[in-house]
Amino acid sequence: MQDFSSKQWLYGVSVLFGVCILLFVVTELFFRFFLPQTLNPFVYDPIIGMRQRPGTFVAVTDGEVHYKHVNSAGFVDEERTKEKPSGTKRIVVLGNSFSQANQVDDDKDFASVLQAKLQSEGYSYEVLNFGIRGMSVTQQYLTLREYALAYHPDIVIFATSFFNDVADNVPQLGTPVHPFIVFENGTERFISPHNPAQGFPWSFLRNHFHVYRWAVQKYFLVKSNIKNLAARDAEHAAVTREETPLVFFETYSEKAQARSEWQEAWRISEEMLRRSKKLSEEAGANFVLFMIPNRVEIYSDDWKNLLDQSAQKFPQLKNESYNLTLPYQQASRIGENIGTLPIDPHDVFLHRAEQGERLYMPIDHHFSVRGHETVAEVLLAAFKERGLLTK
């Protein structure tokens, strides 16, 4: 009797296991044929660190779902030929997550809006987006050198956030997934980026099963919606980055900025910008440096909320003095040193914020649709003022 019960139990477990496997296979086949998912949005790049996997990936921000198209070159943009169409001029955008713009639809990021505005005014221009989230100044320079120049630009926009984009230039402040160009005893050395692919089993599941990728996206959607519900009664949600890196606050601290690693990070930024300008001009393109404003620099309440929240975990933050204009003073100095007048949209952003416009996402710290529109308008006005456009 006991042997018979054991056999029944084993038989039941085997049937249950078989049914689960069958259901998984059927579900996976359904997703492959009817709801295909991009399994791994990033591919490792031994020079610039990473690019996007060509196709479509799903981005979830503040409860909103956006399907982002990635071209065959690995950038969030429409498909482009390296040869310019006859009679067409080109602008390339180098940047980070503000340029990649996972928070808005493909036609709402500032590169796309700028292209639409130019064409509506009779300018035959294409605006190519080479922005990838997390890019340092060094990576943006490498992207220009390795990829963007091959598309024969007439204008190069270096759209940089002068906080983490600077810190990620040096190993002491950045992370190993970034490539580094360091200078030691007068010698330049390239440090290859670390391949951040997860180990088994997660990388195997992500790379081979559509249903797993779908489940991960749904997890982040639910997580984002929960954050939205928590903030729904506020006039506008405060910046709620759960673990804002200390390096973020150091960007605005004169004491921190005096440290050797920060001094080196700024020195490398200047060198990479100088090289980018030289490469652009040698290719016959105008070089433009654009300062991306951080949300806390525009909305003072957001800065206070972020500092108060972060000080609960890092009490030492309250003992520091901060200057929110510090990174842009540095950027202006670099612009002067390399012979480039940066485009600074801070005054326009501050004015529109005073008018009650929300230029950033409610919870996420990146541009909203209106923020992207504002950037495109500032760039277009600056191009006209500087005489960079031709019909």
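What you are looking at is a predicted structure, and each value in this text was computed from that prediction instead of being measured.

Undergrad: Teacher, can you tell me more about the overall build of the protein here?
TA: Secondary structure summary: the protein contains 15 helices and ten strands in total. Since a compact globule built from 391 residues should have a radius of gyration of about 21 Å, the 24 Å found for the protein is in line with a globular shape. Taken along the three principal axes of its C-alpha coordinates, the protein extends 90 × 60 × 50 Å. Within the protein, buried positions represent 48% of all 391 residues.

Undergrad: Can you help me understand unusual backbone geometry in this one?
TA: Negative phi is the rule for most residues except glycine; trans is the rule for most peptide bonds. With a phi angle near 60°, A101 is a residue other than glycine that sits in the positive phi range. Tracing the sequence through the fold places A101 in the loop between helix 2 (97-100) and helix 3 (110-120). The backbone phi angle of N185 is positive, close to 55°, even though this residue is not glycine. Checked against the element boundaries, N185 lands in the loop between strand 8 (180-184) and strand 9 (187-191).

Undergrad: Can you help me understand the nonpolar core in this one?
TA: The nonpolar side chains of a soluble globular protein tend to be buried, and buried together. If you look at the biggest cluster of nonpolar residues, it comprises 81 residues, and the most contacted ones within it are I157 and F383. Looking at this core, the element that brings in the most residues is helix 15 (residues 369-386), giving seven residues. Setting aside residues up to four positions removed in sequence, I157 forms contacts with I91, V92, V93, L94, L114, V288, F290, L379 and F383.

Undergrad: Would you explain the packing of aromatic side chains in this entry?
TA: Two aromatic rings, taken as a pair, are described by how far apart their centres are and by the angle between their planes. Under the defined criterion, the tally for this structure stands at 23 aromatic pairs. When the centroid spacing of 5.9 Å and the interplanar angle of 55° are considered together, the rings of F158 and F287 count as tilted. Taken together, the positions of F158 in strand 7 (residues 155-160) and F287 in strand 10 (residues 286-291) put the pair 129 residues apart, joining distant regions of the chain. The residues F158 and F287 share a single accessibility class, namely buried. Taken together, a centroid distance of 5.6 Å and an interplanar angle of 45° make the contact between F349 and F367 tilted. One end of the pair, F349, is in helix 14 (residues 346-354); the other, F367, is in the loop between helix 14 and helix 15, and 18 residues separate them in sequence. F349 sits in the buried class, given a relative accessible area of 0%. Judged by relative accessible area, F367 falls into the buried class, the value being 1%. One aromatic cluster is present, built from ring pairs that chain together F163, F248, F249, Y252, W303 and Y322. For the cation-ring pair, K391 lies above Y123, with the distance from its terminal atom to the ring centre recorded as 4.9 Å.

Undergrad: Sorry, what's going on with the packing of helix 4 (residues 137-146) against helix 10 (residues 260-282) here?
TA: Describing two packed helices takes the angle between their axes plus the distance from one axis to the other. It is at 9 Å that the axes of helix 4 and helix 10 come closest, and there the two elements cross at 20°. On the basis of their axis angle, the class for helix 4 and helix 10 is roughly parallel. When you trace helix 4 past helix 10, the crossing you get is left-handed. Where helix 4 abuts helix 10, its residues V137, T138, Y141, L144 and R145 lie against I268, S269, M272, L273, R275, S276, L279 and S280. A class-by-class count of the residues in the contact of helix 4 with helix 10 yields seven nonpolar, four polar and two charged.

Undergrad: Mind showing me how you'd approach the sheet that holds strand 6 (residues 125-129) here?
TA: The strands that make up a sheet are held in pairs by hydrogen bonds between backbone atoms, and each pair lies either parallel or antiparallel. Taken in spatial order, the four strands make up an open sheet running 6-5-7-10, and their pairing is parallel. Of all the strands in the sheet, just strand 6 and strand 10 have a single pairing partner and so form its edges. Looking at each pair of strands side by side, their axes are set apart by 20° on average, direction ignored. Two strands pair when backbone bridges link them, and strand 7 and strand 10 are joined in this way by six bridges, in the parallel orientation. Bridging across to strand 10, A159 finds its partner in F290. With respect to the sheet, helix 4 is in contact with strand 5 (89-94) and strand 7, its orientation differing from that of strand 7 by roughly 160°. Along the sheet, helix 10 contacts strand 7 and strand 10; its crossing angle with strand 10, the most-contacted strand, is approximately 145°.

Basis of the calculations
- Residues numbered from 1 in each chain as written.
- Predicted model: local features only at pLDDT ≥ 70, side-chain atom pairs only at ≥ 80, totals over all residues.
- Heavy atoms only, no water.
- Helix = DSSP H or I, 4+ residues; strand = E, 2+ residues; numbered from the N terminus.
- Rg over C-alpha atoms; globule rule 2.2 N^0.38 Å.
- Buried < 20%, exposed > 50% of the residue type's maximum accessible area, 1.4 Å probe, protein only.
- Core = buried A, V, L, I, M, F, W, Y, C linked by side-chain atoms within 4.5 Å.
- Contact = heavy atoms within 4.5 Å.
- Phe/Tyr/Trp six-rings, centres within 6.5 Å; stacked < 30°, edge-to-face > 60°.
- Lys NZ or Arg CZ within 6 Å of the ring centre and 35° of its normal.
- Axes fitted to C-alpha atoms, helices over the stretch in contact; angles between N-to-C directions.
- Parallel < 35°, antiparallel > 145°, perpendicular 65-115°, else oblique.
- Left-handed = near helix turned anticlockwise from the far one by under 90°.
- Nonpolar A, V, L, I, M, F, W, Y, C, P; charged D, E, K, R; others polar.
- Pairing = 2+ DSSP bridges.

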